[in-house]
Amino acid sequence: MKQLILTTLALNISVMAYPQTTDKSAAIDQYVKEVMKINQIPGLAIGVIKDNQVIFQQYYGTETLESDKKVDLHSMFRIYSTSKLMSNIGVFQLIEKGKLSLEDNVSKYIEHLPEDWQGVKIKNLLTHSSGIPNLITFNDISPDASNAKVIERLAKEKMEFKTGNQFSYNQTNYFLLTMIIEKITGQSFEDFILNNQFSDAKNQIVFSSDALEKIPNRVVKYNYNPEKKQYEKSTDVSGTRAHSANGIAITLPAFLKWSSHLSKNTLLSQKTKDMMWQPFEFGNKKDVFAYGWDISKVNNITSYNFSGGNVSAYKIYPQNNMAIVMMSNGYSLFPIQYRIINHIATMLDQNLTDEYSLANETIITEFSKTDNSNAEKIYNSIKTKNPKWNFENTLNEIGYILLRNSRIDEAVKVFVLNAKENPQSANAFDSLGEGYFSAKNYVLALENYKKSLALNPENTNATKMIYTIEDIMKKK
């Protein structure tokens, strides 16, 4: 096991050595296989485009757990919310043709909208700053409800916030964008996207927001059940109206081809892309988001990205003329999509190295292992070299993931470490209290909830748990 740990540590900490190796593809392949093993990922596809050339394209694992059918270039992964990127491009194609404007009111294209929605603009839909109620939070809206019925139901709810003030991820925004695209083009949303973005790959993409629908070559997505310690097939069904938000299933070659068209300005002009990637000015002056894209920055190099279902992600680095696609069908512990992409980017370009993020990945990786006896030692080694780095949130997240996966003793050890590292954090002691409570060590659970409350007298959860624990101990 020592050799495995050393290998992983080299993969996660000493990534700077990779650009000097003669075979970067082999190094990436080794890294991806190790990540898949630790996170029990059933199937995965990775592609990289650099300087308009596909430099890495690999397939791993199986399409389903019920068969041994290998993932290959024909496998269509459902990319969930990464589908929004294609929808964004579609909107900006209409803007580029002068058929739509970011400043247009939604009411210009959709009739009978609630009065509170009248000031919502196209730009607010793309930036999730509309404030319109999120349709997926209401269980009484059926997947096959008509557009009119959906709007009628949402009209009964108050706006979530003042339009333009803040970012709040919301599926209603893309439901409305679908209606607008169809109104302007006279085509179905699906035909518009296929004809304008996938004319050379139509047979490699399908639209379906129904996980139960049987589609040839579509990869099955799995959700891990920590109680049963096994994967279960996804059963999510959100109807055709969700196609623009989460309905695309696509092969890796088709996704890479789409990415190439985007980079070569075939889909949009450079001027339009610059507009699309411009940060939106939120009223709260805090949130950061472009028009349908997340914005990331490493060493003053900006990239644009989005992910879906915690199983897919796409990131493009315009300054580096590079883009990375990652698609999978499940994970057992931590969402892995961005860690894989960011790590591969570092392996290919030293200028994209974020040492803190790599260290963060190492910590998560080591504690995730079934045998994580060396995890704390490796954590302390990282902290010794970088004493100013803080991993409170990371350790807290690790602890809860382990807790949810019934690895209670390991979770408690991580929470203990976090409280030791952050002795003034009420949250760290609150989490440690929960860890001990889960282990039925009520004496230490009570002690740590009291410490949390002393650090933060407004911690209502600690107050509640103290009463609960004292009641349990009285009955013993």
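Residues numbered from 1 in each chain as written. Predicted model: local features only at pLDDT ≥ 70, side-chain atom pairs only at ≥ 80, totals over all residues. Heavy atoms only, no water.

A.B. asks: A description of the overall build of the protein should follow, citing residues and the corresponding values.
C.D. replies: A count of helical and extended segments in the protein gives 18 helices and 11 strands. A compact globule built from 476 residues would reach a C-alpha radius of gyration of about 23 Å, and the protein, at 24 Å, matches this within 12%. For the protein, the spread of C-alpha atoms along the three principal axes comes to 70 × 60 × 45 Å. Put simply, the protein has 476 residues, and 53% of those count as buried. Carbon and sulfur atoms make up 49% of the accessible area of the protein, which amounts to about 21,500 Å² in all. Averaging the positions of the 53 positive and the 50 negative side-chain charges in the protein gives two centres separated by 2 Å. (Helix = DSSP H or I, 4+ residues; strand = E, 2+ residues; numbered from the N terminus. Rg over C-alpha atoms; globule rule 2.2 N^0.38 Å. Buried < 20%, exposed > 50% of the residue type's maximum accessible area, 1.4 Å probe, protein only. Areas by Shrake-Rupley, 256 points an atom, 1.4 Å probe, with all protein chains shown as cover. Lys, Arg positive; Asp, Glu negative; His and termini not counted. Charge placed at Lys NZ, Arg CZ, Asp CG, Glu CD.)

A.B. asks: Talk me through helix H6 (residues 172-185); I want residue IDs and the actual numbers.
C.D. replies: Over its 14 residues, H6 runs 20 Å from end to end, which matches the ideal 20 Å to within 8%, given 1.5 Å per residue. Listed in full, the buried residues belonging to H6 are Thr172, Asn173, Tyr174, Phe175, Leu176, Leu177, Thr178, Met179, Ile180 and Ile181. Check the buried side of H6 and you find it contacts helix H3 (83-96), helix H4 (122-126), helix H5 (147-154), helix H7 (189-197) and helix H8 (243-246). Directly beyond the C-terminal end of H6, a positive phi value near 75 degrees is found at Gly186. (Expected span 1.5 Å × (residues − 1). Contact = heavy atoms within 4.5 Å.)

A.B. asks: Could you give an account of the sheet that holds strand E4 (residues 205-207), naming the residues involved and the relevant values?
C.D. replies: A sheet is described by the order of its strands in space; here 3 strands give the open sequence E3-E7-E4, paired in antiparallel fashion. Looking along the sheet, the strands with just one partner apiece sit at the ends: strand E3 (77-78) and E4. Taken together, the 3 bridges between E4 and strand E7 (residues 248-250) define a ladder with antiparallel strand orientation. What sits directly across from Val206, in E7, is Ala249. (Pairing = 2+ DSSP bridges.)

A.B. asks: Tell me about the nonpolar core, and name the residues and values.
C.D. replies: Trp258, Trp293 and Tyr314 are the most contacted members of the largest nonpolar core, which has 72 residues in total. Setting aside chain neighbours within four positions, we find Trp258 in contact with Leu85, Met86, Ile89, Gln197, Phe198, Leu267, Trp293 and Tyr314. (Core = buried A, V, L, I, M, F, W, Y, C linked by side-chain atoms within 4.5 Å.)

A.B. asks: Tell me about the pattern of salt bridges, and please be specific about residues and values.
C.D. replies: Scanning the model with the defined rule gives 16 salt bridges in all. Here Lys50 makes a salt bridge to Asp51, at a shortest N to O gap of 3.6 Å. Asp51 gets classed as partly exposed once you look at its relative accessible area, which sits at 44%. It is possible to trace a salt-bridge network through shared partners that takes in Asp140, Arg153 and Glu157. (Salt bridge = Lys/Arg side-chain N within 4 Å of Asp/Glu carboxyl O.)

A.B. asks: Break down the environment of Gly164 for me, citing the residues and quoting the values.
C.D. replies: Assignment of secondary structure puts Gly164 in the loop between H5 and H6. Taking the C-alpha atoms as reference, Gly164 lies 8.9 Å from Lys123; in sequence the two are 41 residues apart. Aside from chain neighbours lying at most four places away, what touches Gly164 is Asn124, Ser129, Phe280, Glu281, Phe282 and Gly283.

A.B. asks: Help me get a handle on the sheet that holds strand E9 (residues 301-308), residues and values and all.
C.D. replies: With respect to topology, 6 strands assemble into an open sheet ordered E2-E1-E11-E10-E9-E8, the strand pairing being antiparallel. This sheet does not close on itself; its edge strands, each paired only once, are strand E2 (53-61) and strand E8 (294-298). In this sheet, adjacent strand axes meet at a mean angle of 15 degrees when their direction is disregarded. Pairing of strand E1 (residues 43-50) with strand E11 (residues 322-328), which is carried by 7 bridges, proceeds in the antiparallel orientation. Counterpart to Gly47 in the pairing with E11 is Val325. Strand contacts of helix H2 (residues 24-39): E1 and E2, with the helix running at about 30 degrees to E2, the strand carrying the most contacts. (Axes fitted to C-alpha atoms, helices over the stretch in contact; angles between N-to-C directions.)

A.B. asks: Which residues make up the packing of aromatic side chains, and what are the values?
C.D. replies: In total, this model carries 22 aromatic pairs according to the counting rule given. Ring centres 4.5 Å apart and planes at 5 degrees place the aromatic pair Trp277 and Tyr304 in the stacked group. Residue Trp277 is located in the loop between helix H10 (270-276) and E8, and its partner Tyr304 is located in strand E9; the two are separated by 27 residues in the primary sequence. On the basis of relative accessibility, which here comes to 13%, the residue Tyr304 falls in the buried class. Centre to centre, the rings of Phe289 and Phe306 are 6.3 Å apart; their planes meet at 65 degrees, and the pair counts as edge-to-face. Taken together, the residues Phe289 in the loop between H10 and E8 and Phe306 in strand E9 connect sequence positions 17 residues apart. For Phe289, a relative accessible area of 1% puts it in the buried group. (Phe/Tyr/Trp six-rings, centres within 6.5 Å; stacked < 30°, edge-to-face > 60°.)

A.B. asks: Tell me about the pairing of E9, and please be specific about residues and values.
C.D. replies: Counting buried positions over the 8 residues of E9 gives 8, a clear majority of the element. Every second residue of E9 is oriented toward a common face, with Ile301, Ser303, Asn305 and Ser307 on one face and Thr302, Tyr304, Phe306 and Gly308 on the other, all of them buried. Here 5 bridges tie E8 to E9, and the two strands are oriented antiparallel to one another. Residue pairing in the sheet places Ser296 in a bridge with Ser303 of E9.

A.B. asks: Kindly report on the pairing of strand E10 (residues 312-317), identifying the contributing residues and their values.
C.D. replies: Remark: a regular strand shows side chains that alternate across the two faces of the sheet. With respect to burial, E10 is a largely interior element, 6 of its 6 residues being buried. Burial of the side chains of E10 extends over both faces: Ser312, Tyr314 and Ile316 are buried on one face and Ala313, Lys315 and Tyr317 on the other. Pairing analysis gives 5 bridges linking E9 to E10, with the strands arranged antiparallel. Within E10, the residue paired with Ser307 across the bridge is Ala313. Taking the residues that link successive antiparallel strands as the turn, the E9-E10 hairpin has 3 residues, and the phi of Gly309 there is positive, at about 60 degrees. Taking the residues that link successive antiparallel strands as the turn, the E10-E11 hairpin has 4 residues, and the phi of Asn321 there is positive, at about 50 degrees.

A.B. asks: Provide a residue-level description of H5, including the pertinent values.
C.D. replies: Three or more residues of H5 are buried, namely Val150, Ile151, Arg153 and Leu154. Down the axis, H5 shows its buried residues gathered within 160 degrees of arc, on one side only. Opposite the buried face of H5, by more than 90 degrees, sit the exposed residues Ala148 and Lys149. Close packing links the buried residues of H5 with H6. (Arc of directions from axis to C-beta.)

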